[in-house]
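Coordinates in review
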Amino acid sequence: MDTLKKFELMEKIVRELVDLQHSQQAIIQKIGKIEVDNIELGDKKLDKDLPDMHQRVSDNLETIVGILAYFADKTENFGNKNNVEALKEKQTIDEATGN
């Protein structure tokens, strides 16, 4: 895999991790809303299971945040080390000139 394609794939993974982070945050919010609604309802099963669900999703979110920080840094360092901006410019010029 050439350097530019590798960098583009790394950027795609970073975007997917960001999307995954947002999804987990939305799930946490939804569980929180259900917990608040259940305060009035008082369902025993929900009282028992929702806090555990909330904790597991929160733990997953922490893992995702850590992976995202690591991989975003790795992607940026890879781009800097391999002068990806120059490679992108060269690719644009080559495409414009038909090379």
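In this text, all values refer to a predicted model and were calculated from it rather than measured experimentally.

With that settled, consider the overall build of the protein chain. A count of helical and extended segments in the protein chain gives 3 helices and 0 strands. Going from N to C terminus, the protein chain has its helices and strands arranged as α-α-α. Among the 99 residues that make up the protein chain, the fraction classed as buried is 21%. For the protein chain, long-range pairs separated by at least 24 residues make up 79% of all intrachain contacts whose partners lie at least 6 apart in sequence. Split by element, the accessible area of the protein chain, about 7500 Å² in all, is 55% carbon and sulfur. Within the protein chain, the 20 negative side-chain charges are centred at a point lying 5 Å from the centre of the 14 positive side-chain charges.

Our next topic: a nonpolar patch on the surface. Together, Met1, Leu9 and Ile13 line one region of the surface with nonpolar side chains, adding up to about 300 Å² of accessible area. Structurally, isoleucine 13 is set in helix H1 (residues 3-41).

One non-glycine residue, asparagine 83, lies in positive phi territory at about 50 degrees. Structurally, asparagine 83 can be placed in the loop between helix H2 (44-81) and helix H3 (84-97). What makes asparagine 83 partly exposed here is its relative accessible area of 48%.

Take glycine 66: it is sitting in helix H2. Sequence separation of glycine 66 and leucine 46 is 20 residues, and the distance between their C-alpha atoms is 30 Å.

Next up on the list: the nonpolar core. Counting 9 residues, the largest nonpolar core is built from Leu4, Phe7, Met10, Val14, Leu17, Leu68, Phe71, Phe78 and Val84. Of all the secondary structure elements, the ones that give two or more residues to this core are H1 and H2. At 5 residues, the largest contribution of residues to this core is made by H1. Contacts of leucine 17, omitting those with residues within four sequence positions, involve Ile64, Ile67, Leu68 and Phe71. Ile28, Ile31, Val57 and Leu61 belong to the second largest nonpolar core, which has 5 residues in total.

Packing of H1 against H2 brings their axes to within 9 Å, and their N-to-C directions diverge by 160 degrees. What the angle tells us is that H1 and H2 run roughly antiparallel. Regarding H1 and H2, the two cross each other, and that crossing is left-handed. Its residues placed into classes, the contact of H1 with H2 shows 24 nonpolar, 11 polar and 5 charged.

Conventions used here
- Residues numbered from 1 in each chain as written.
- Predicted model: local features only at pLDDT ≥ 70, side-chain atom pairs only at ≥ 80, totals over all residues.
- Heavy atoms only, no water.
- Helix = DSSP H or I, 4+ residues; strand = E, 2+ residues; numbered from the N terminus.
- Buried < 20%, exposed > 50% of the residue type's maximum accessible area, 1.4 Å probe, protein only.
- Contact = heavy atoms within 4.5 Å.
- Areas by Shrake-Rupley, 256 points an atom, 1.4 Å probe, with all protein chains shown as cover.
- Lys, Arg positive; Asp, Glu negative; His and termini not counted.
- Charge placed at Lys NZ, Arg CZ, Asp CG, Glu CD.
- Patch = residues over 30% accessible without salt bridge, like charges linked within 9 Å, V, L, I, M, F, W, Y side chains within 5 Å.
- Salt bridge = Lys/Arg side-chain N within 4 Å of Asp/Glu carboxyl O.
- Core = buried A, V, L, I, M, F, W, Y, C linked by side-chain atoms within 4.5 Å.
- Axes fitted to C-alpha atoms, helices over the stretch in contact; angles between N-to-C directions.
- Parallel < 35°, antiparallel > 145°, perpendicular 65-115°, else oblique.
- Left-handed = near helix turned anticlockwise from the far one by under 90°.
- Nonpolar A, V, L, I, M, F, W, Y, C, P; charged D, E, K, R; others polar.

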